[in-house]
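Given next are the chains, with one letter for each unit.
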Amino acid sequence: MRHFGHIAPEVRQRLFHREPCAFDADSPARLLSAALGATLYSPATRPRLADDVVKQAERGVVSMVLCLEDSIGDEDVAAGEENLVRQFADLAARDGAGLPLLFIRVRTPEQIPDLVQRLGATVRLLTGFVFPKFTEERGIPFLEALAVAEHASGRRLFAMPVLETPELMYRESRVDALEGIARAVDKYRDRVLALRLGVTDFCSSYGLRRAPDMTAYDVQIVASVIADVVNMLGRADGTGFTVTGPVWEYFRVPERMFKPMLRHSPFLEGQAVELREKLIEHAMDGLLREISLDHANGLLGKTCIHPSHVPAVHALSVVSHEEYSDAADILRPERGGGGVLRSQYTNKMNEVKPHRAWAERTMLRAEVFGVANEDVSFVDLLAAGIPG
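The shown structure was predicted, so the numbers you read here are calculated from the model rather than taken from an experiment.

Draft legend 1. View of empty space enclosed by the protein. The final tally for this structure, using the stated rule, is two cavities of 30 Å³ or more. The space that makes up the largest cavity amounts to roughly 70 Å³. Taken together, Phe4, His6, Arg59, Gly60, Val310, Pro311, His314, Ala315 and Gly385 make up the lining of the largest cavity. For the lining of the largest cavity, the element with the highest residue contribution is helix α14 (residues 310-315), accounting for four residues. Class assignment of the residues belonging to the lining of the largest cavity gives a composition of four nonpolar, four polar and one charged. Its volume calculated, the second largest cavity comes out at about 30 Å³. Along the walls of the second largest cavity sit Gln56, Arg59, Val61, Pro307, Val310 and Pro311, which together make up its complete lining. Per-class residue counts for the lining of the second largest cavity are four nonpolar, one polar and one charged.

Draft legend 2. Highlighting the pairing of strand β5 (residues 126-131). Burial within β5 is extensive, with six of its six residues counted as buried. In this structure, strand β4 (residues 101-105) lies alongside β5, joined through four bridges in parallel fashion. Bridging across to β5, leucine 102 finds its partner in leucine 126. Two strands pair when backbone bridges link them, and β5 and strand β6 (residues 158-163) are joined in this way by four bridges, in the parallel orientation. The partner of valine 130 across the bridge, within β6, is methionine 160.

The rules behind the values
- Residues numbered from 1 in each chain as written.
- Predicted model: local features only at pLDDT ≥ 70, side-chain atom pairs only at ≥ 80, totals over all residues.
- Heavy atoms only, no water.
- 1 Å grid on protein atoms, 1.4 Å probe; cavity = no way out; pocket = protein on both sides within 12 Å on 5 of 7 lines; lining within 4 Å.
- Points joined across faces, edges and corners; volume = space filled by probe spheres on them.
- Helix = DSSP H or I, 4+ residues; strand = E, 2+ residues; numbered from the N terminus.
- Nonpolar A, V, L, I, M, F, W, Y, C, P; charged D, E, K, R; others polar.
- Buried < 20%, exposed > 50% of the residue type's maximum accessible area, 1.4 Å probe, protein only.
- Pairing = 2+ DSSP bridges.

Shown next, in the form of structure tokens:
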């Protein structure tokens, strides 16, 4: 699979200076963690789940979480497990080619080896598990169960812990909680693909819910948690992990209080005025703003609960030609001694040593999401990525 692989080759050639690379579940972990993109969640109880997975893959989704936790009722867990086994068998019967990276969100550690055993040979379609409400105390049993299941199946399986507990929200316990999480995930570093943020649960600790006019970063108590998670778990010194952006809850807004957050000019230049109106109607202007702030705050990828969110996440993840040019300049071998240089776009300073980590992360993102042509904007990418 590859990002934007669902659009025609001639369109990709027009859009990209460097096209996204191909990858699959057996690719290196570092590549996969950056390639997750918009991870689409779906309840594990959906009766036509296999059809849904295939359909979303054809629409550009490259990672999905099949959820046995908060998205279904307690009384539906057993039925959800049985449905997963059936749906994986259905997918395997279709040969399993071209599927997204598939993860199962479980409730308890015991579900992991049990599900792997019940999936049998179809476990080859599974990339890993998502662990809810992760702390050191709760998380270690999940990680240990994953190791057991991996050994039994002979298949590499990844973990994606979700950070969403009140201990992370409360100031007096946050540092201790983050230090414990750091110890747990470091011990299993080779199997932790990414850390996910459960902002909805963060908000519930204070009875909050952000409006469609607000991003997670406008809710200061939530923004402070995101900052501390990135501070302690997202460092660029080799100790950090990929941290993914929070879910955007809205896909249609009947009424808004504030002006839309999308300027007219990029859409006028791209002759996409109707697209702008559609985005505003479906609260996507807030989503686009939040994705930009995710990137600015060190997050990559995003939890999604609606397919319409996926093209926005992917379009804004593509590296611009200007970013690529700056990163390439900074990483030239002859720049190893440091120094300052003017960018090729002649609009900024590139300081080699301080900007090196940024350049390396940008090049990784360029590998999986591609580099836009010089005259291509996010509007062009967004319009091309929206299924017809």
